[in-house]
Amino acid sequence: MTEAVIAFLAASLLFYVLFGGADFGAGILELFLDESTRREKQRLISKAMAPVWEANHVWLVLAVVIVFMGFPTVYTTITTALHIPVMALLIGIVGRGCAFTFRHYDAGPTDYSRVYSKVFMVSSLWSSFFIGIIAGACSLGRIENDASTFYAAYIVPWANPFCFFMGLFCCALFAMLAAVYLIGEAKDPDTKSVFRLYALRANIALIITGPLLFMSAELDNLPLVTLFFGNSWCLFCFTAATILLVPLWISLRRSGSPLISRILAASIVTLVLFGWYALQYPLAIRFNESARTDGISFFTAAAPEATMRALLAALVAGSLLIFPALAYLFKVFKWETLNEVGD
Amino acid sequence: MGSKSALRFEPAIIKCSRILVKESEAKQSSTPMDDLLAARLQMAFTLGFHIIFASIGIAMPFLMAASHRIFLKRGSDLHLRLTKAWSKGVAIFFAVGAVSGTALSFELGLLWPEFMKYAGPIIGMPFSWEGAAFFLEAIALGIYLYGWGRVPPKIHWWTGIVVGLSGVASAFFVICANSWMNNPSGFDWNEGSPINIDPWAAMFNEGAFLQGLHMVLAAFEAVGFGVAGLHALLYLRTKHDLHREALKISFVIGAVAAIAQPIVGDFTAKMTAQRQPLKLAAMEGLFETQRGAPLVIGGLPSQTERRVDYAIEIPKFLSFLAYGDFNAEVKGLLDFPEDEWPPVLIVHLAFQIMVGIGMLLAALGALGLLFLWRAPAAFLSKTFQSALILCTPLGFIAIEAGWCVTEVGRQPWIIYGLLKTSEAVTPRPGVLFTLITYAVLYTFLWLIVIFLMKRQVDLLHSDLNIRERPK
């Protein structure tokens, strides 16, 4: 029962990263675009994302609901110990959600789209960074349930090099996804090649931040290397992800089919995420050696049987409703990105 | 919950509160009362914001779909434009409502970790259903907004309806959770923690259906009158057919809801009398338990003097309204320990405001429907239109007041009779800081949404080549 709920949680986080993450990434990319051609590419990005924007966003709500109902201790631990980064993330999400919609609809006589764009870009980077920080803090083990001082309770869990690099890694990952997806959305070869270039750059950023992540983990007393080699699933996922970078790189350099690049990029991200899952499982939040337990396990945090059954029923029924609708949405807007989108 | 079942819980409550008191004593140094107040204010502020956006998200898609339907039937360009204009409003409000709702789902944990720890397994289910409904709404909205010319017209119209229906469903689910806080059920307390959890029984607690219906009707009423008021203003200024049509559609929807609302409201009050007599006493400002209790209209209750000044009293009417019997006994505040009273003044005034507005809108709605049926000219007359303009914000004020009645009226409990709000608040210091952050953020959002709506109207007018007449 609990395993099935965990699987739903893992899936909704995965979809949030694959779809929502790409939306974050698009905002990050905009930051780095050349001023002179930024406007036109922003229009392309808006057009590509607008129909699926809200749907992509809801995966997070779903994940939050699962944790809240199924694993209440995990939920309260995260929202208390990581209060500050969670709030920072929320501010970012509110900012970009509004700015994106406003930019799309507020085409009035005087143009404020520059302001909206700025907010959208900055808050996309900001939010991605804090998503990484929160994920990092769950792995690092600095969360203490009975911390006595403000500093120990609310700052120590996340303000450290490892979480910082997790934040950067997350930004690079999202930007890579966005750039690769956008190649397929662009129509003219020039724009395509721009996004191809950015996809390559984001890849380089990934390759740089990845090892830094491992180094900073050791610095923060998280034996990531040991954990990594001790866990065959994790080892497999990360190795496979790294190997897949090669064909992605080739596909990007040779201007291969956008679809293949997309599949490769999505697979890499999926593998990275699965590697992280493998590292964590069955823990939701890892504690370091000084604590009495390894951390908060999904199984000890799980809500009573009846609740899990009800939650699972809701998830299965919800999926039966949502997946066909979602498939229709993507079929209408993403199958053929060639036609003009309405107003 | 009646006093009998409260008694049944007593030993468990004592145990539970002993544990919580111990915990809060340990945290005492970092949890002064101010933090509780700040957390409550932050909750009030963000929910007060969200409830308006959620209401618009519930009702507005139906207005849009109604106009769309007329367009499909008559092929009138006017209704097509109106549909598109309204759908843009829906999109903007949905986006802001969605992000503010996401923020809320985290905020509950940030501010009330103790509450969430107990409540999550019991009442998480309506939230998970709400998540599903919200998801469907987001998908349908995406298809609706961008589906012009890409989706077959019939399906396109239906996606609009799905947007509205999922909004209504979301509202019901969220209200299920809120109603559970008033009527906790579906579990037993044991050693200060819930056992024998039955999430279905918790979700379908006794209050859920009525409270949900009351809220959904309120949303239609507020949005119907709100939109009608705005278009009345624009109609008086421009005399354009588009505004006239918009006015009719929104008014009819608002008026029907407003006429149905007092009936549902009456049932809701009867339920409150059964399950939360203390709340009803505070709503009515009734201090002494009496047979044949009078209905107190208006007035200022004084908690220390234990009386209501400057009120109009209708003898025996409260007994009738609450129990259907002019001589029924209605429990007064003094029957309960004073430290369990909600702030009587706030609850009483909020209730008066809600009921007053409800009555006014129902009367105006009936009159307007009569005009539309028999005397269309009177409906479009300047006097009636001006009345509508004045009513623009009233429905929303009533929603806020009603929410205030149910939430402030439940104080000092967060789960009625079981867990006090002060015991559920976050141990984290510095809630004041998050309060300020949220307050600034949400105020700013408000301003920008108002500004955007103004610009949307300007945009529409420039599209239609309307020039506003000088006033």
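Every value quoted in this text rests on a predicted model; they were computed, and no experiment measured them. (Residues numbered from 1 in each chain as written. Chains lettered and ligands numbered in written order. Predicted model: local features only at pLDDT ≥ 70, side-chain atom pairs only at ≥ 80, totals over all residues. Heavy atoms only, no water.)

Moving on to the overall build of chain A. Within chain A one finds 13 helices and 2 strands. When its C-alpha atoms are laid out on the principal axes, chain A stretches across 60 × 40 × 35 Å. Residue pairs in contact within chain A that sit at least 24 positions apart in sequence constitute 79% of those at least 6 positions apart. Accessible area for chain A stands at about 13900 Å²; split by element, carbon and sulfur atoms hold 70% of it. (Helix = DSSP H or I, 4+ residues; strand = E, 2+ residues; numbered from the N terminus. Contact = heavy atoms within 4.5 Å. Areas by Shrake-Rupley, 256 points an atom, 1.4 Å probe, with all protein chains shown as cover.)

Turning next to the overall build of chain B. Helices and strands together make up the secondary structure of chain B, namely 16 helices and 10 strands. Taking 2.2 N^0.38 as the reference for a compact globule, 471 residues should give roughly 23 Å; the C-alpha atoms of chain B span a radius of gyration of 24 Å, in line with that estimate. For chain B, buried positions account for 59% of its 471 residues. Within chain B, counting contacts between residues at least 6 apart in sequence, those at least 24 apart form 79% of the total. Both charge centroids of chain B, one from 38 positive and one from 35 negative side chains, sit 12 Å from each other. (Rg over C-alpha atoms; globule rule 2.2 N^0.38 Å. Buried < 20%, exposed > 50% of the residue type's maximum accessible area, 1.4 Å probe, protein only. Lys, Arg positive; Asp, Glu negative; His and termini not counted. Charge placed at Lys NZ, Arg CZ, Asp CG, Glu CD.)

Below, the discussion takes up the side chain of Glu30(A). If you trace the backbone, Glu30(A) turns up in helix H1 (residues 2–32). Beyond its immediate chain neighbours, meaning those up to four positions away, Glu30(A) contacts Arg38(A), Gln42(A), Ile45(A), Arg103(A), Phe120(A) and Met121(A).

Once that is clear, we can look at the nonpolar core. Among the nonpolar cores identified, the biggest contains 247 residues, and Phe71(A), Trp112(B), Phe115(B) and Trp180(B) are the most heavily contacted of them. Examining the composition of this core, we find that 22 residues originate from one element, helix H4 (residues 113–146) of chain B, more than from any other. Excluding its chain neighbours within four sequence positions, the residues that come into contact with Trp112(B) are Leu36(B), Ala39(B), Arg40(B), Met43(B), Glu107(B), Ile414(B), Thr421(B), Ala424(B) and Val425(B). Leu280(B), Ala281(B), Ala282(B) and Leu286(B) belong to the second largest nonpolar core, which has 28 residues in total. (Core = buried A, V, L, I, M, F, W, Y, C linked by side-chain atoms within 4.5 Å.)

Here we take up unusual backbone geometry. Keep in mind that most residues, glycine aside, have a negative phi and that most peptide bonds are trans. The amide bond that connects Tyr281(A) to the next residue, Pro282(A), takes the cis arrangement and shows omega of 0°. Inspection of the secondary structure puts Pro282(A) in the loop between helix H11 (258–280) and strand S1 (283–286). Omega for the peptide link from Gln411(B) to Pro412(B) comes to 5°, which places this bond in the cis form. Residue position: Pro412(B) is located in the loop between helix H14 (394–408) and strand S9 (413–415). One non-glycine residue, Asn221(A), adopts positive backbone phi at about 65°. In this fold, Asn221(A) is placed in the loop between helix H8 (189–219) and helix H9 (224–230).

Attention now goes to the packing of aromatic side chains. Across all of its chains, the model carries 44 aromatic pairs over all chains by this definition. Judged by centre distance (6.0 Å) and plane angle (55°), the rings of Phe287(B) and Trp341(B) are tilted. Within this pair, whereas Phe287(B) is found in the loop between helix H9 (277–284) and strand S3 (290–291), its partner Trp341(B) is found in the loop between strand S8 (329–330) and helix H11 (344–374), the two being separated by 54 residues in sequence. Measuring from centroid to centroid gives 5.4 Å for Phe379(B) and Phe384(B), while their planes differ by 45°, and the two rings are tilted. Assigned by exposure class, Phe379(B) and Phe384(B) land together as buried. Through successive ring pairs, a cluster of aromatic residues spans Phe15(A), Phe19(A), Trp59(A), Phe323(A), Phe330(A) and Phe135(B). One cation-aromatic arrangement involves Arg96(A) over Phe24(A); the distance from NZ or CZ to the ring centre is 3.8 Å. (Phe/Tyr/Trp six-rings, centres within 6.5 Å; stacked < 30°, edge-to-face > 60°. Lys NZ or Arg CZ within 6 Å of the ring centre and 35° of its normal.)

This part covers H1(A). Over its 31 residues, H1(A) extends 43 Å from the first C-alpha to the last, a length consistent with the 45 Å expected when each residue adds 1.5 Å. Where H1(A) bends most, at Gly21(A), the angle is about 35°. (Expected span 1.5 Å × (residues − 1). Bend = angle between axes of the 7 residues up to and from the residue.)

The interface is formed by 66 residues belonging to chain A together with 62 residues belonging to chain B. Summed over both sides, the interface between chain A and chain B buries roughly 5900 Å², with carbon and sulfur atoms accounting for 77% of that surface. Summed over the three residues of chain A that lose the most area to chain B, namely Phe68(A), Phe102(A) and Tyr105(A), the buried surface amounts to 12% of that side. Taken together, the connections running from chain A to chain B amount to 0 salt bridges. Put simply, the parts of the chain that give the side of chain A that touches chain B at least two residues each are helix H2 (35–70), helix H3 (72–81), helix H4 (83–105), helix H6 (150–155) and helix H13 (305–334) of chain A. In the side of chain A that touches chain B, the residues fall into 47 nonpolar, 14 polar and 5 charged. (Buried area = accessible area lost by both parts, 1.4 Å probe. Salt bridge = Lys/Arg side-chain N within 4 Å of Asp/Glu carboxyl O. Nonpolar A, V, L, I, M, F, W, Y, C, P; charged D, E, K, R; others polar.)

Turning our attention to the pattern of salt bridges. Residues and elements named next belong to chain B. This structure, assessed with the given rule, holds 12 salt bridges over all chains. One salt bridge in this structure joins Arg-81 and Asp-77, with 3.2 Å as the shortest N-O distance. Highlighted residues: Arg-81 and Asp-77, both in helix H3 (residues 77–111), separated by 4 residues, approximately one helical turn. One salt bridge in this structure joins Asp-335 and Lys-331, with 3.6 Å as the shortest N-O distance. According to the relative accessible area criterion, Asp-335 is partly exposed, its value standing at 43%. Relative accessible area serves as the criterion here: at 31%, Lys-331 is assigned to the partly exposed category. What you see here is one network of salt bridges that share partners, running through Asp-241, Arg-244, Glu-245 and Lys-248.

Here we take up a nonpolar patch on the surface. Residue and element names in this part refer to chain B. A cluster of nonpolar residues, Leu-300, Tyr-310, Leu-345, Ile-346 and Leu-349, forms a patch on the protein surface that exposes about 500 Å² of accessible area. The element that contributes the greatest number of residues to the nonpolar patch is H11, accounting for 3 residues. Considering the arrangement of structural elements, one finds Ile-346 in helix H11. (Patch = residues over 30% accessible without salt bridge, like charges linked within 9 Å, V, L, I, M, F, W, Y side chains within 5 Å.)

Residue and element names in this part refer to chain B. Mapped onto the fold, Thr-406 is located in helix H14. Accessibility expressed as a relative area gives 15% for Thr-406, which makes it buried. On a C-alpha basis, the gap between Thr-406 and Ser-179 in space is 9.1 Å, while along the polypeptide they are 227 residues apart. Every residue in contact with Thr-406, bar those within four places of it in the chain, is listed here: Asn-178, Asn-182, Gln-211 and Lys-279.

Here we come to the side chain of Asn160(A). By the secondary structure assignment, Asn160(A) is in the loop between H6 and helix H7 (161–185). On the basis of relative accessible area, Asn160(A) is assigned to the buried category, the value being 8%.

Before going further, it helps to examine the confidence of the model for chain A. Keep in mind that low pLDDT regions are not for reading the predicted coordinates in detail. Averaged over every residue, the pLDDT of chain A is 84; residues scoring 70 or more account for 94%. Segment residues 338–343 of chain A: pLDDT under 50, and 13 contacts once partners within four positions in sequence are set aside and those in other chains are kept. (pLDDT = per-residue confidence, 0-100.)

This part takes up the state of the cysteines. Residues and elements named next belong to chain A. Tallying each qualifying case throughout the model produces 0 disulfides over all chains. You can see Cys-138 has no disulfide; the closest cysteine sulfur is in Cys-163, sitting 8.8 Å from it. Free of any disulfide, Cys-234 has its nearest cysteine sulfur in Cys-237, 7.0 Å distant. The class of Cys-234 is buried, set by a relative accessible area of 0%. (Disulfide = S-S within 2.5 Å.)

This part is about H3(A). Among the 10 residues that make up H3(A), 9 are buried, leaving the element largely enclosed by the rest of the structure. The complete set of buried residues in H3(A) reads Pro72(A), Val74(A), Tyr75(A), Thr76(A), Thr77(A), Ile78(A), Thr79(A), Thr80(A) and Ala81(A).

All names here are of chain B. Of all residues in chain B, 91% have pLDDT values of 70 or greater, and the mean over the chain is 81. Across chain B, the element-wise mean pLDDT spans from 42 in helix H1 (residues 3–27) up to 91 in helix H7 (residues 208–238). Scored below 50 in pLDDT, residues 1–31 shows 34 contacts in the model against residues more than four places distant or in partner chains.

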